[in-house]
Amino acid sequence: MNRFEYCAARLAENESFVAKDRNIKLYDGDEKTSYEDGELVLTSHRLLWGRNGEIARGGNALSLRLKYVQSFDEEEASSMLFGRKKRIILRLGPILPDKTPGPMDYSVASFVKISGKNGVEPGFVQALYETVKAKIWAVTDGESSNPSTPTAAEPSKRVLRTGIMGIERNLVEKHKQTDESISLAFKDLGKLMEKAKEMVAVSKVVSAKIRERHGDISEDETVRFKSYLMSLGIDDPVTRDGTRSNSEYFMKLSQQLVEMLLDPITEAGGMMSLADVYCRVNRARGLELLSPEDLLEACKLLIGPIKLRQFPSGAMVLQLDNHDDELVSQETAELVEKSTSISADELARVVGISLLLANERLLTAERLGKLCRDESIEGLRFYPNLFLQ
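Cut-offs used in this document
Residues numbered from 1 in each chain as written. Predicted model: local features only at pLDDT ≥ 70, side-chain atom pairs only at ≥ 80, totals over all residues. Heavy atoms only, no water. Axes fitted to C-alpha atoms, helices over the stretch in contact; angles between N-to-C directions. Helix = DSSP H or I, 4+ residues; strand = E, 2+ residues; numbered from the N terminus. Parallel < 35°, antiparallel > 145°, perpendicular 65-115°, else oblique. Left-handed = near helix turned anticlockwise from the far one by under 90°. Contact = heavy atoms within 4.5 Å. Nonpolar A, V, L, I, M, F, W, Y, C, P; charged D, E, K, R; others polar. Pairing = 2+ DSSP bridges. Core = buried A, V, L, I, M, F, W, Y, C linked by side-chain atoms within 4.5 Å. Buried < 20%, exposed > 50% of the residue type's maximum accessible area, 1.4 Å probe, protein only. Polar contact = N/O pair within 3.5 Å; in protein donor to acceptor, adjacent residues only side chain to side chain. Expected span 1.5 Å × (residues − 1).

Colleague: It is not clear to me how the packing of helix H6 (residues 274-285) against helix H7 (residues 292-300) should be interpreted in this structure. Could you clarify?
Modeller: For any two helices packed against each other, the geometry is given by the interaxial angle and the distance between the axes. One way to put it is that H6 packs onto H7 with a least axis distance of 11 Å and a crossing angle of 110°. One way to sum up the angle between H6 and H7 is to call them roughly perpendicular. As H6 packs across H7, the resulting crossing turns out to be right-handed. For the pair H6 and H7, the contacting residues are Leu 274, Val 277 and Tyr 278 in the first and Pro 292, Leu 295, Leu 296 and Cys 299 in the second. Counted by class, the contact of H6 with H7 contains seven nonpolar, no polar and no charged residues.

Colleague: I keep staring at the sheet that holds strand E11 (residues 306-310) and nothing clicks. Help me out?
Modeller: Neighbouring strands of a sheet are bound in pairs by backbone hydrogen bonds; such pairs are parallel or else antiparallel. Ordered by their spatial adjacency, three strands build an open sheet running E10-E12-E11, and the pairing between neighbours is antiparallel. Each edge of the sheet is formed by a strand with only one pairing partner; in this case those strands are strand E10 (271-273) and E11. Mean inter-strand twist for the sheet, computed between neighbouring axes without regard to direction, equals 25°. Inspection of the sheet shows E11 paired to strand E12 (residues 316-320) by five bridges, in the antiparallel sense. Looking across to E12, one finds that Gln 310 is bridged to Met 316.

Colleague: Looking at this model, I keep getting lost on the packing of helix H5 (residues 246-267) against H6. Mind explaining?
Modeller: Between H5 and H6, the shortest axis-to-axis distance is 11 Å and the interhelical angle comes to 105°. The orientation of H5 with respect to H6, classified from their angle, is roughly perpendicular. Each of Leu 253, Gln 256, Leu 257, Met 260, Leu 261 and Pro 264 in H5 lies in contact with H6, whose residues at this interface are Val 277, Arg 280, Val 281, Ala 284 and Arg 285. Per-class residue counts for the contact of H5 with H6 are eight nonpolar, one polar and two charged.

Colleague: So what exactly am I meant to see when it comes to the nonpolar core here?
Modeller: Soluble globular proteins: nonpolar side chains tend toward being buried together. Of all hydrophobic cores here, the largest spans 30 residues; its most connected members are Met 1, Leu 26, Leu 42, Leu 47, Leu 90 and Ile 114. Elements supplying a minimum of two residues to this core: strand E2 (17-28), strand E4 (38-43), strand E5 (46-51), strand E6 (60-65), strand E8 (84-92), strand E9 (111-116), helix H1 (122-134) and helix H2 (136-140). The biggest single contributor to this core is H1, with five residues. Aside from chain neighbours lying at most four places away, what touches Leu 90 is Leu 47, Leu 64, Val 69, Ser 71, Phe 72, Ser 110, Phe 111, Val 112, Ile 114 and Leu 128. By size, the runner-up hydrophobic cluster in this structure holds 23 residues, among which are Tyr 249, Ile 265, Leu 290 and Ile 306.

Colleague: Help me understand the pairing of E9, please; the structure alone is not making it clear to me.
Modeller: For a regular strand, side chains alternate in direction, first toward one face of the sheet and then toward the other. Most of E9 sits inside the fold, with six of its six residues counted as buried. Residues Phe 111, Lys 113 and Ser 115 of E9 are buried on one face, and the alternating residues Val 112, Ile 114 and Gly 116, pointing to the opposite face, are buried as well. Sheet topology note: the E2/E9 ladder contains five bridges and is antiparallel. Each residue of the ladder has a partner; that of Tyr 27, found in E9, is Lys 113.

Colleague: Got a minute to help me understand the side chain of Thr 33 in this structure?
Modeller: Tracing the backbone through its elements, the reader meets Thr 33 in the loop between strand E3 (31-32) and E4. The class for Thr 33 is buried, based on a relative accessible area of 12%. A distance of 2.6 Å separates the side chain of Thr 33 from the backbone oxygen of Leu 26, its partner in a polar contact. A polar side-chain atom of Thr 33 sits 3.2 Å from the main-chain amide nitrogen of Tyr 35. Sequence-distant contacts of Thr 33, defined by excluding residues within four places in its chain, comprise Met 1, Leu 26, Tyr 27, Asp 28 and Met 104.

Colleague: Just checking my understanding: could you explain H5 for this structure?
Modeller: The end-to-end C-alpha separation of H5 is 32 Å, in line with the 32 Å expected for 22 residues at 1.5 Å each. Those residues of H5 that fall on the buried side of the exposure criterion are Glu 248, Tyr 249, Phe 250, Leu 253, Ser 254, Gln 256, Leu 257, Val 258, Met 260, Leu 261, Pro 264 and Ile 265. Along its buried surface, H5 packs onto E10, H6, H7, E11 and E12. Within two residues after H5, Gly 269 carries a phi angle of roughly 100°, on the positive side.

Here's what the structure looks like:
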């Protein structure tokens, strides 16, 4: 990172904005740095990295001139919960004589890596490639032509023309996508208002029957009312920008998870897989989506009625603190005894839980000696442990 320079996040006279990506971290060669979870802005001349909101306010940033970039590479890295993501490797040329001070002038690495929580956006990578290929800075800095070598300048002009047109096409396409997104948003707003009217009508029926103390609330009304409430999501989701430190962010997030998930986990039988938790939480948070890594860190800090549990198989779940393996295994053994034998998918259908949780329930009952397994070409089935009798 010894090619990066400190700068104010402002565009120069001949410089223009191209693309932006969020939640980006920088590597000095293969080494991690403290520059993470920031915004990366691509201009016609530079890459600008800054803390969230700093670039928009014109604050302090790190700058890497695109003329340093000599080649691109990609590498895969593991994401803790969901699959793999790609890092971008920028191999850089020698330090220029007019370089100003930066964050790591002592570094000896000749390349930097750009990574994100879910990888770098493919659109951003493509825009970076086209911008470097276009070499717009060569024109604005007076480096585009050399009278003594006219034949060498001509190919550069053709590349430049193609690159600029490519960037312009990208910008037009982004504006078109933005217009379409705005149109869809207003359509969704209309649907939301219609649903809100239905919800108000149902809530009036419910409150009226409660006040009058006569007649029961029908099951259909209850189901509709609960589904509308679930659709509302979280009013004030905890975000990193709204907290002073990572520790405060994860602690508040864990508290909000307890408030949100206590009833759903109870209704699900006292246990919910981490994948189901991830989907439910992000559905409720709307646009403020959580990364798998942030969710896992918050779950590790859970205290109170819910805790994080990892089974010997590696499966991770959230379960109620009062969850009793002995009691659940006894209930599972009784179900198996009624059916003579049972498989994980059959138990999942009977109890109404996910296949993963059904499999873990059977394996836990087996570890406690209440069931025996039979593995054959038809698959894995569990039977009552007759040795106990």
